[in-house]
Amino acid sequence: MGKIVAVSFEGDRLKIVHATLNGRKVTVDSTDIIPDSDLDSYLKADKSAEYIVTCEFRRAYHGVLSTPAVKSGYMGKLIESKIRKSSGEKDFTFIYSILGERVVENRKEMEVFYYAVNNADLKAIAGRFYDNGKKVKAIYPSVFSAVALINPEGEGEGRMGVFGAGSERTIFLTKNGAVNFIRNYESHDKGLTDYDIQNINMTLTYCFQNLRMNPSSVLLMGDLSASQDIGALPSVPLSGLSMSGNIYCSREIYDEFVLPVGACLALGPSNILSREFKNINMLKTYIAYASMLFITLAVLCMGLIFNEANDIAGKKHLVDSAVKNMSDIESIFSEYAAREEEVNRYRPAVTFLNRPTPDIHKMLVSLGGTNAGNLIFDSIEARTDESNSLIVEINGTSHEETYSSLQSSLKDLVDALGKTKNMKVTNKSIDLAKYTFKIEMNYGTE
């Protein structure tokens, strides 16, 4: 169940219905008739946020066209292309309904009724509401609002309906709930006149000759349904549109506000609101839902924060109590800080003394156990580097008689030193003139 406001543009007047919609049941709560010029002030005063609109568009394009039988996903594009070609319009919105299919030259074709309106005309209507901060949920062409009130059952031969909106008269042909034909003409008289009967007869003849349809009756809608003194009679029976059991209002209100009441029951496919405003509506809906979600999350977060605040307050009370029971904690902490500062003064020296260093004694033992052959160590120098390893330099002389034997002995010595644990030879050199040699090594920790 929801509240709904329907606004019908009928000439220089607007007819407005506030109703309650429960499924397909409509209960009219209140009605208004205002001049078109008062719409802005009405919208500013009205608390409703959303409206449905019905309107007769003077520059509408409508008719029946044939298309190849294609998948539903391609039907809209195909119809749009045909409308653009036949009307010359480039920027428009359209609705359509499939009337049936037929076989032409062994090809299956679909018969489609379309109704198209220039987007500038749609914007002129919808913009008046959006300029006042209101949302237009749907725009229905007047004929589709009227059709929504006709029971489609028993329409095998089709039915013809006639209604007036201001000085505009609309005759339409419907079959199985779908519009097949629309004709508009001007009439300056309020009720049904012989001029209307003449137009009805002309339309009946056209439908029979061109559409091969012979309506079983003509339904008079709105103020045309009242008894009139007319001299001419149509070729089919006339009858006033009955008020179905799902509409709750007086007969007078029903006849006076037939189009806005019908708009309350119009179906979604009859909505010709342009994509621009549909996107705006979708965005507003998303924002509304997002706002509700944000508010819900904010309330939940505030509840969690409140609970946490209570928990923190309780813990703070326990801490305060513990602090009060330990009156000497401050002096103890001061003494601890002073001693820690004293320890930190000696920490670098202790760290230096505790760092692992290569065992020079083991290194000398390893060198002493190395077979040097006829090579004599004259000096051994060792120093530490940044990586805490020993840089070892050995200088010596040789008692070998030839250069080749000196080189061979030095190679054997270097190979033996390279196999010593933690020892790595980094450089070696020979002075052949003096029969001396030098070996540089790196001795690391285990």
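Everything below is about the structure printed above this text.
A few points on the structure. What you are looking at is a predicted structure, and each value in this text was computed from that prediction instead of being measured.

### A few points about the sheet that holds strand β17 (residues 423-431)
At step 1: Taken together, 4 strands build an open sheet; the order of strands is β15-β16-β18-β17 and the sheet is antiparallel. Two strands in the sheet have a free side with no partner beyond their single neighbour: β15 (375-384) and β17. With direction set aside, neighbouring strand axes in the sheet form an average angle of 15°.
At step 2: Here 8 bridges tie β17 to strand β18 (residues 436-443), and the two strands are oriented antiparallel to one another. The residue bridging V425 from the neighbouring strand is M441, located in β18.
At step 3: Sitting on the sheet, helix α10 (residues 360-368) is in contact with β15, β16 (390-398), β17 and β18, with an inclination near 25° to β16.
At step 4: On the sheet, helix α11 (residues 403-418) packs against β15, β16, β17 and β18 and is oriented at approximately 165° with respect to β17.

### Description of the packing of aromatic side chains
At step 1: With the rule as written, the count across this model stands at 8 aromatic pairs.
At step 2: Note on Y51 and F129: the rings are 5.5 Å apart at their centroids and 50° apart in plane angle, and the pair reads as tilted. Taken together, the positions of Y51 in strand β4 (residues 50-55) and F129 in helix α3 (residues 119-130) put the pair 78 residues apart, joining distant regions of the chain.
At step 3: With relative accessibility at 1%, the residue Y51 sits in the buried group.
At step 4: With a relative accessible area of 0%, F129 lands in the buried category.
At step 5: Here the aromatic residues F9, Y51 and F129 are joined through ring pairs into a cluster of three or more.

### Observations regarding the pattern of salt bridges
At step 1: If you walk through the whole model with that rule in mind, you get 15 salt bridges.
At step 2: Note that E256 is salt-bridged to K15, the shortest N-O span being 3.1 Å. Of this pair, E256 sits in helix α6 (residues 251-256) while K15 sits in strand β2 (residues 13-22), placing them 241 residues apart in sequence.
At step 3: Note that R251 and D255 form a salt bridge whose closest N and O atoms lie 3.2 Å from each other. In this pair, R251 and D255 are both assigned in helix α6, 4 residues apart and thus about one turn of the helix distant.
At step 4: The exposure class assigned to R251 is partly exposed, which follows from its relative accessible area of 31%.

### Some words on the pairing of strand β11 (residues 178-186)
At step 1: Both strand β10 (residues 168-175) and β11 contribute to a ladder of 8 bridges, which runs antiparallel. Following the sheet pairing, K175 is matched in β11 by A178.
At step 2: Once β10 ends, the chain turns through 2 residues before running back antiparallel as β11, passing N176 with a positive phi of about 55°.

### Re the side chain of S398
At step 1: Counting through the fold element by element, S398 comes out in strand β16.
At step 2: Judged by relative accessible area, which is 10%, S398 ranks as buried.
At step 3: Among residues more than four places away in sequence, those in contact with S398 are N374, L375, L406 and Y435.

### Concerning unusual backbone geometry
At step 1: Positive phi outside glycine occurs at N176, with the angle close to 55°.
At step 2: Residue placement: N176 occurs in the loop between β10 and β11.
At step 3: Classification of N176 by relative accessible area gives exposed; the value is 54%.
At step 4: Phi is positive for R212, close to 55°, though the residue is something other than glycine.

### Quick word on helix α5 (residues 194-210)
At step 1: In a regular helix each residue adds 1.5 Å, so 17 residues correspond to 24 Å; α5 covers 24 Å between its end C-alpha atoms and thus fits that length.
At step 2: Every buried residue of α5 is listed here: D196, I197, N199, I200, T203, L204 and C207. Around the axis of α5, the buried residues are gathered within 160° of arc, so they sit on the same side.
At step 3: Here the buried face of α5 lies against β9 (159-165), β10, β11, β12 (218-220) and β13 (238-240).

Basis of the calculations
Residues numbered from 1 in each chain as written. Predicted model: local features only at pLDDT ≥ 70, side-chain atom pairs only at ≥ 80, totals over all residues. Heavy atoms only, no water. Pairing = 2+ DSSP bridges. Helix = DSSP H or I, 4+ residues; strand = E, 2+ residues; numbered from the N terminus. Axes fitted to C-alpha atoms, helices over the stretch in contact; angles between N-to-C directions. Contact = heavy atoms within 4.5 Å. Phe/Tyr/Trp six-rings, centres within 6.5 Å; stacked < 30°, edge-to-face > 60°. Buried < 20%, exposed > 50% of the residue type's maximum accessible area, 1.4 Å probe, protein only. Salt bridge = Lys/Arg side-chain N within 4 Å of Asp/Glu carboxyl O. Expected span 1.5 Å × (residues − 1). Arc of directions from axis to C-beta.

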